[in-house]
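# Commentary on secondary and tertiary structure
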Amino acid sequence: MSDSSYEEGRPSERAAPQPKETAITEERSSGAARPNAGPIAREKSGPVGNFLHATEIDQRLLGMVGALVLIWLGFHFYGEFANGFGAFLTSRNLWNLTVQTASIGVMATGMVLVIVTRHIDLSVGSMLGLCAMVMGLMQARWLPELVGLGWGGTWIVAIMAGLLAGALVGALHGFLIAYGQIPSFIVTLGGLLVWRGVAYLMARGETISPLDPTFNLLGGGPYGSIGSFWSWALGIVACLAIGWALYNGRNQRKRFGFPTRPVWAEIFVGALGCLLVIGFVMIVNAYGWPRGIVRQYAASEGIEVPEGGIFISHGFAIPVLILIAVGLFMTFLTTRTRFGRYVFAIGGNPEAAELAGINVRFMTVKIFALMGTLAGIAAVISSARLNSATNSLGTLDELYVIASAVIGGTSLAGGIGTIYGAIIGALLMQSLQTGMVLIGFDSAVQQIVVGGVLVLAVFLDTIYRRRAK
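Rules of the game
Residues numbered from 1 in each chain as written. Predicted model: local features only at pLDDT ≥ 70, side-chain atom pairs only at ≥ 80, totals over all residues. Heavy atoms only, no water. Helix = DSSP H or I, 4+ residues; strand = E, 2+ residues; numbered from the N terminus. Buried < 20%, exposed > 50% of the residue type's maximum accessible area, 1.4 Å probe, protein only. Contact = heavy atoms within 4.5 Å. Areas by Shrake-Rupley, 256 points an atom, 1.4 Å probe, with all protein chains shown as cover. Salt bridge = Lys/Arg side-chain N within 4 Å of Asp/Glu carboxyl O. Disulfide = S-S within 2.5 Å. Patch = residues over 30% accessible without salt bridge, like charges linked within 9 Å, V, L, I, M, F, W, Y side chains within 5 Å. Axes fitted to C-alpha atoms, helices over the stretch in contact; angles between N-to-C directions. Parallel < 35°, antiparallel > 145°, perpendicular 65-115°, else oblique. Nonpolar A, V, L, I, M, F, W, Y, C, P; charged D, E, K, R; others polar. Core = buried A, V, L, I, M, F, W, Y, C linked by side-chain atoms within 4.5 Å. Phe/Tyr/Trp six-rings, centres within 6.5 Å; stacked < 30°, edge-to-face > 60°. Polar contact = N/O pair within 3.5 Å; in protein donor to acceptor, adjacent residues only side chain to side chain. Left-handed = near helix turned anticlockwise from the far one by under 90°. Expected span 1.5 Å × (residues − 1). pLDDT = per-residue confidence, 0-100.

## A short note on the overall build of the chain
- Check the secondary structure of the chain and you find 19 helices and zero strands.
- In the chain, which comprises 469 residues, the proportion classed as buried is 47%.
- Of the contacts made within the chain by residues no fewer than 6 positions apart, 79% connect residues no fewer than 24 positions apart.
- Per element, the accessible surface of the chain, about 23000 Å² overall, is 66% carbon and sulfur.

Structure, rendered in structure tokens:
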């Protein structure tokens, strides 16, 4: 399915009506259900096409997942062939992979909206570094001088300051683009240089460390995870939510007269979603704390450690939960709100959207302010994970964020993009990077591969749209 809700339709199509032939072409390419598709059309599509038609599974999503699985298997078996053991498909590596994906994934969800509206943001890495520096100085210098070191709310004020800084910087970019009529490429390219320099001047290039202990939990690690019990509880809640979403969606379709999926397709989609959730929970719970940390924890809690040791599961890391929360919020924002419909309407046809009464300029400011806020959230994850704020934090992140959005199906021509696609794209990019590190590829080779993957993704997107037309 597309990221837009089925019953509301694509926002861009609602705001800017398209010719009948174009609408039919897009409908076929997206795999959406067509009420007028007769038996002959379904027979021509074959059993696979009928299955995808019935379940409404996005073909692009299948392609991304297939590429991700191939990358995982390739790196794992290459490690077995070269080193005698595969280190990629292990609970430890997969757990770390999800944590490393979190900050890029959070920013990629915002980059989807930026690119959908036919803009670009090259400054997200520098904004991340600036926000991290603001939060680091707030915790290590500014607030301790005002309230002392023992105040427990330091980390909360620091996070609020970092998010505010990101939102203001993003809003400034949006204002210059919308009201100053300066191309987004130039504005954000300037921001890439300016905000990196500002972050350097704020601390004269020094590394700000250590940070608040509670703040550090947001970066993951043994103490920055929720453990086995709460991970299973969260997994059960997620499965119940999937079932409720399918049930509610089916009722909504009946209510508004839209075609519904067959019952077996609903059951299949729900079962598949629950299996993925349960598998994810089993993976994160299979990764235990390091023995040294277990001994420290047992000593502090007065627990006697047996000869075989104690297994304490990590469970879901807090950065991963932040990414999931951001993904759900952004999905709701883009598919269930007027703001989201306006975003896709602007991306589909900016002139028609403005003629329809949408304040395109103010929407641009809000989109870039949201992008800055998400960069602030990513700065929380990155700086908490490192327990420090450095001037180089977030360097080249803008390239990985843009690549994640494009690989995830966001069109550089505007108007098309999905939140879940961007997150999967971020996971794919991080998988490539992690796999090459495990194999021992040189950093120069890593950059070549990442650049080649980005160009290939755009090339495939161009071919896809050419065939759709």
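Still more to cover.
## Side note on the environment of Ala 426
- Checked against the element boundaries, Ala 426 lands in helix α18 (residues 419–439).
- Given the relative accessible area of 2%, Ala 426 is considered buried.
- Separated by 18 residues in the primary sequence, Ala 426 and Gly 408 have C-alpha atoms spaced 7.9 Å apart.
- Those residues in contact with Ala 426, other than ones at most four positions away along the chain, are Thr 101, Ile 104, Gly 105 and Ser 404.

## Considering the pattern of salt bridges
- One pass over the full model with this rule turns up four salt bridges.
- Beyond isolated ion pairs, a larger network of salt bridges with shared partners links Arg 250, Arg 261 and Glu 266.

## Considering the state of the cysteines
- Per the counting criterion, the structure on display carries zero disulfides.
- You can see Cys 239 has no disulfide; the closest cysteine sulfur is in Cys 274, sitting 3.5 Å from it.
- You can call Cys 239 buried: its relative accessible area is 16%.

## Some details on a nonpolar patch on the surface
- Judged by side-chain polarity, Leu 172, Phe 175, Leu 176, Tyr 179, Ile 182, Phe 185, Ile 186, Leu 189 and Phe 362 come together as a nonpolar surface patch covering roughly 780 Å² of accessible area.
- The set of elements that each furnish at least two residues to the nonpolar patch consists of α7 (154–178) and α8 (184–203).
- By secondary structure assignment, the location of Phe 175 is in helix α7.
- Look at Phe 175 and you get partly exposed, because its relative accessible area is 45%.

## What to know about the packing of helix α6 (residues 124–147) against helix α17 (residues 397–407)
- Here α6 crosses α17 at 125 degrees, and the two axes come no closer than 6 Å. Accordingly, the angle class assigned to the pair α6 and α17 is oblique. In this structure, α6 uses Val 124, Gly 125, Ser 126 and Leu 128 to contact α17, whose residues at the interface are Asp 397, Glu 398 and Val 401.
- For the contact of α6 with α17, the residue count by class is three nonpolar, two polar and two charged.

## Observations regarding the nonpolar core
- Counting residues in each nonpolar core, the largest one holds 89 residues, and the members touching the most others are Met 107, Met 111, Met 135, Phe 215, Met 330 and Phe 339.
- For Met 135, the contacting residues outside a window of four places in its chain are Ala 158, Ile 159, Gly 162, Phe 215, Gly 376, Ala 379, Val 380 and Ser 383.
- Formed by 10 residues, the second largest nonpolar core is a distinct cluster that contains Val 277, Val 281, Ala 317 and Val 320.

## Overview of unusual backbone geometry
- Residue Pro 210 is reached from Ser 209 by a cis peptide bond, and omega for that bond is -5 degrees.
- Relative to the elements of secondary structure, Pro 210 occurs in the loop between α8 and α9 (213–216).
- Non-glycine residue Arg 204 carries a positive phi angle of around 55 degrees.
- Checked against the element boundaries, Arg 204 lands in the loop between α8 and α9.
- Positive phi outside glycine occurs at Asn 387, with the angle close to 60 degrees.
- Tracing the backbone shows Asn 387 in the loop between α16 (360–386) and α17.

## Side note on the packing of aromatic side chains
- Counting across every chain of the model gives 10 aromatic pairs.
- Ring pairs connect the aromatic residues Phe 51, Trp 264 and Phe 268, which therefore count as one cluster.

## Overview of the side chain of Arg 261
- Relative to the elements of secondary structure, Arg 261 occurs in the loop between α10 (227–256) and α11 (263–286).
- Assessed through its relative accessible area of 9%, Arg 261 is described here as buried.
- A distance of 3.1 Å separates a polar side-chain atom of Arg 261 from the backbone oxygen of Thr 55.
- Polar side-chain contacts of Arg 261 include one of 3.3 Å to the side chain of Glu 266.

## Describing the side chain of Ser 103
- Considering the arrangement of structural elements, one finds Ser 103 in helix α5 (residues 91–116).
- Of the residues examined, Ser 103 reaches a relative accessible area of 10% and is grouped as buried.
- If near-sequence neighbours (up to four positions away) are discounted, Ser 103 is found in contact with Ala 378, Ile 381 and Ser 382.

## Focus on the packing of α6 against α16
- At a minimum axis separation of 8 Å, α6 and α16 run at an interaxial angle of 60 degrees. The angle between α6 and α16 falls in the class oblique. Here α6 runs over α16; the crossing is right-handed. Taken together, the residues of α16 that come into contact with α6 (itself represented by Val 124, Met 127, Leu 128, Cys 131, Ala 132 and Met 135) are Met 371, Gly 372, Ala 375, Gly 376, Ala 378, Ala 379, Val 380, Ser 382 and Ser 383.
- Partitioned by chemical class, the residues of the contact of α6 with α16 number 11 nonpolar, four polar and no charged.

## Some remarks on helix α13 (residues 318–336)
- For α13, spanning 19 residues, the distance from its first C-alpha to its last is 26 Å, which sits close to the expected 27 Å at 1.5 Å a residue.
- Pro 319, Val 320, Ile 322, Leu 323, Val 326, Gly 327, Met 330, Leu 333, Thr 334 and Thr 335 are the residues of α13 that are buried.

## Examining the confidence of the model for the chain
- Residues at a pLDDT of 70 or more form 90% of the chain, whose mean pLDDT is 87.
- Below pLDDT 50 for its whole length, residues 1–44 participates in 74 contacts with residues either more than four positions away or in separate chains.

## Some thoughts on the environment of Ala 413
- Residue position: Ala 413 is located in the loop between α17 and α18.
- Overall, the relative accessible area of 53% leaves Ala 413 in the exposed class.
- Separated by 295 residues in sequence, Ala 413 and Arg 118 place their C-alpha atoms 6.2 Å apart.

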